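Single-letter residue listing:
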Amino acid sequence: MRRSNCIMLPLKEKDRPIVKKLLEAGCCARCVLRFCCLGVQSAYRQSYEDTAKELCAFISDSESNECQDAAVLEQHTEDPPSKKIKMDAAETDVQSEGDSAVVPTVMEEGDAKPADSDVCAVCLGVLQEFCDEAYAIKISDVVKAKNYQFDTMVLSVSLPAQLSVREHSCWLHVKKEVREKSICLDKDDVIQVKEAFKWTMQGLVSKELGGVPVVTKISRQTEQFEVGVGFTHPETDSDCHFLAGICSDCFRPTKNKQFVSQQNVFTRMAVVKALEKVSDEKFLKKFPCPPTRPARKCIAQDAQCLHVSVFVAGRYNKFSRTLPQTPWVIDGERRMESSVEELIAAPLLSSFRAEGFNFSSSGREDVDVRTLGNGRPFALELLNPHRARFNKAEVRQLQETINQSSDKIRVRDLQIVSRDAMGHMKEGEEDKTKSYTALIWTQKAIDKDDITFLEETKELKLAQKTPLRVLHRRPLAVRERVIHTMSTCFLDTHHFHLKLRTQAGTYIKEFVHGDFGRTKPNLCDLLKTETDILELDVDSVDVDWPPSIPE
């Protein structure tokens, strides 16, 4: 009796020759769906056994019809049925007597072997062995052990580059069948392994994590948490190597990676690029079509968790003349025991449970320069924080913790900001102004009248060569800077205070002592005597960011 044709997979009559071709080539059940361009996500989410069973039924219907037609023909002829018809009937009997979930593979006569017990020739087992509840539990156990705080998650997957080669080979294998049957099918319509994996696993992982929503894309604007899974398959690593002989320009290491290993050159993007260039004829001469089945499945790497960075901004004051802004290391030796960035970062790293940080600020002061007034804007990028949500009261408490940890610094206006908001700190970097107070020494004795003319000097333009003291870390250049205003306060015959409002980036010390003539004009030239700077304070950094927070 003919088997019912009602199966759940939305496959069509035109798919039959493709399905059979793929099963014969050693494709797993889900890869068959992919090459049939089946974009119904629920089809991938059902168990592998059910999918394989339905594909068996789909193929068996076609073969049963062929057998019935042959039987009718036999009644009207004296010749015995062909050997092929006997084999087809035998295969149908084996399927009906054995496990109904077995996907048939056309073998040599008398050598029937179930395909679902073998590793898929295309996905290398990724869509067979790693798309079930057991693997979802393994992933979720890793996430739970890391103790992250998150509201949504993204599931990402990294696949061996050779999967692209094998997929291309399988596509060429079905291409002829597609043409012969006049079927409209394009390679770009084939569902990617990554997509099929995500469709299968996202719901399972979400369930194991208590129903946390799984989103499809990482947004820069939201607190995204990414769980990454990866696979390797050493047995087939060499599958890509023949492409280097055909498209060598696709596998050249970048300038910054001259000593990269040969294996690392064969990235997925490089392989895809090469496959786009290679002709079908050249490909088929170098790689088997269809691809051969491997003996072993992929190796799953440990799941990796990554939370997008959190950005914390504020302003800091520095009251010490022996505290660098960042760790001060010369010739491998540390010169100071701490720094501004470390004093600020330590409590934040602890509270956010972050794995690291990047510190940036609106300019920097020397180790012997204090930063007073409204402080200097700064921001910290906290890397892979395990906790990301803090309310205003908790942030205020963090600020207090920083301020109580040291009398050398003080932080104000501490707040969590977006990545995009970080750009405001650097906007108009050379156009903003800064104010300073310097204690000046003069070699020649002076009186009050000798320095009052400085207050009448406006918009003084300087040409400053890169100072000798920073030449080891900055390129040699001549920078034009402007001192907008100056005012003075006479102290004694050899000392006075000089207040300056300058263009950001002006080297104040070099303006005072001249730096052996590398800054022109300088205070020595203006006062007609040798001058030097004894103390320097930053009074204000005129950047309207981050927003002020009332105390």
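Residues numbered from 1 in each chain as written. Predicted model: local features only at pLDDT ≥ 70, side-chain atom pairs only at ≥ 80, totals over all residues. Heavy atoms only, no water.

- Looking up the protein in an unreviewed UniProt entry gives the name tRNA pseudouridine(55) synthase, with the organism given as Salmo salar.

1. Section: the pattern of salt bridges
Then step 1. The tally for this structure, following the rule as stated, stands at 25 salt bridges.
Then step 2. Between R166 and D239 there is a salt bridge, with its nearest N and O atoms 2.8 Å apart. Of the two residues, R166 is situated in helix α8 (residues 162–180) and D239 in the loop between β3 (225–232) and α10 (242–246); the sequence distance between them amounts to 73 residues.
Then step 3. Judged by relative accessible area, which is 3%, R166 ranks as buried.
Then step 4. On the basis of relative accessibility, which here comes to 11%, the residue D239 falls in the buried class.
Then step 5. Among the ionic pairs, D366 bridges to K509, the shortest N-O distance being 3.0 Å. Remark: K509 occurs in helix α17 (residues 508–513) and D366 occurs in the loop between β9 (356–361) and β10 (369–383); sequence separation between them is 143 residues.
Then step 6. By sharing partners, the salt bridges in this structure join D366, D368, R469, K509 and E510 into a single network. (Salt bridge = Lys/Arg side-chain N within 4 Å of Asp/Glu carboxyl O. Helix = DSSP H or I, 4+ residues; strand = E, 2+ residues; numbered from the N terminus. Buried < 20%, exposed > 50% of the residue type's maximum accessible area, 1.4 Å probe, protein only.)

2. Comments concerning the layout of surface pockets
The gaps left among the atoms become clear once a water-sized probe is rolled over them.
Then step 1. Counted as a void, the largest pocket has a volume near 950 Å³.
Then step 2. What lines the largest pocket is a set of 35 residues, among which R364, D366, R469, V470 and R473 lie closest to the centre.
Then step 3. Secondary structure elements with two or more residues in the lining of the largest pocket: β7 (329–330), β10, β12 (433–442), β14 (478–492), α17 and β17 (531–541).
Then step 4. Counting residues per element, the lining of the largest pocket draws most heavily on α17, at three residues.
Then step 5. Of the volumes computed, that of the second largest pocket is approximately 490 Å³.
Then step 6. Lining the second largest pocket we find 18 residues, and of these S164, E167, K187, Q192 and V272 sit closest to its centre.
Then step 7. Among the elements of the structure, α8, α9 (193–208) and α12 (268–277) are those that each provide at least two residues to the lining of the second largest pocket. (1 Å grid on protein atoms, 1.4 Å probe; cavity = no way out; pocket = protein on both sides within 12 Å on 5 of 7 lines; lining within 4 Å. Points joined across faces, edges and corners; volume = space filled by probe spheres on them.)

3. Quick word on the nonpolar core
Then step 1. Among the nonpolar cores identified, the biggest contains 80 residues, and L127, F197 and F231 are the most heavily contacted of them.
Then step 2. In terms of residue count, the dominant contributor to this core is α8 (seven residues).
Then step 3. F197 has contacts with V126, L127, F130, C131, Y135, L155, V157, V229 and F231, leaving out every residue within four places of it along the chain.
Then step 4. V369, I451, I483 and V541 belong to the second-largest nonpolar core, a separate cluster that totals 32 residues. (Core = buried A, V, L, I, M, F, W, Y, C linked by side-chain atoms within 4.5 Å. Contact = heavy atoms within 4.5 Å.)

4. Considering the packing of aromatic side chains
Then step 1. The full count for this structure, using the stated rule, is 14 aromatic pairs.
Then step 2. When the centroid spacing of 4.2 Å and the interplanar angle of 20° are considered together, the rings of F150 and F225 count as stacked. Taken together, the residues F150 in the loop between α7 (133–146) and β1 (153–158) and F225 in strand β3 connect sequence positions 75 residues apart.
Then step 3. Its relative accessible area of 18% is what places F150 among the buried residues.
Then step 4. What makes F225 buried here is its relative accessible area of 0%.
Then step 5. Here the aromatic residues F130, Y135, F197 and F231 are joined through ring pairs into a cluster of three or more. (Phe/Tyr/Trp six-rings, centres within 6.5 Å; stacked < 30°, edge-to-face > 60°.)

5. Topic: the pairing of strand β15 (residues 495–503)
Then step 1. Here nine bridges tie β12 to β15, and the two strands are oriented antiparallel to one another. When the bridges of β15 are listed, S435 appears paired with R501.
Then step 2. Hairpin connection of β14 to β15: two residues between the antiparallel strands. (Pairing = 2+ DSSP bridges.)

6. Concerning the packing of helix α14 (residues 340–352) against helix α15 (residues 392–405)
Then step 1. Interhelical geometry of α14 versus α15 gives an angle of 140° and a closest axis separation of 9 Å. Here α14 is positioned oblique relative to α15, judged by the angle of their axes. Once α14 is placed against α15, the crossing between them reads as right-handed. Together, L343, I344, P347, L348, S351 and F352 of α14 and L398, T401, I402 and S405 of α15 make up the contact between the two elements. (Axes fitted to C-alpha atoms, helices over the stretch in contact; angles between N-to-C directions. Parallel < 35°, antiparallel > 145°, perpendicular 65-115°, else oblique. Left-handed = near helix turned anticlockwise from the far one by under 90°.)

7. Let's talk about unusual backbone geometry
Then step 1. At the junction of C289 and P290, the peptide bond is cis and its omega measures out at 5° in the coordinates.
Then step 2. Omega for the peptide link from K520 to P521 comes to -15°, which places this bond in the cis form.
Then step 3. Residue placement: P521 occurs in the loop between β16 (519–520) and α18 (523–527).
Then step 4. Its identity as a non-glycine residue notwithstanding, N384 has a phi of 45°, on the positive side.
Then step 5. The topology assignment puts N384 in the loop between β10 and α15.
Then step 6. A relative accessible area of 6% places N384 in the buried class.
Then step 7. Backbone geometry at F516 places phi at a positive 55°, although glycine is not the residue there.
Then step 8. With respect to the secondary-structure elements, F516 resides in the loop between α17 and β16.
Then step 9. Classification of F516 as exposed rests on a relative accessible area of 78%.

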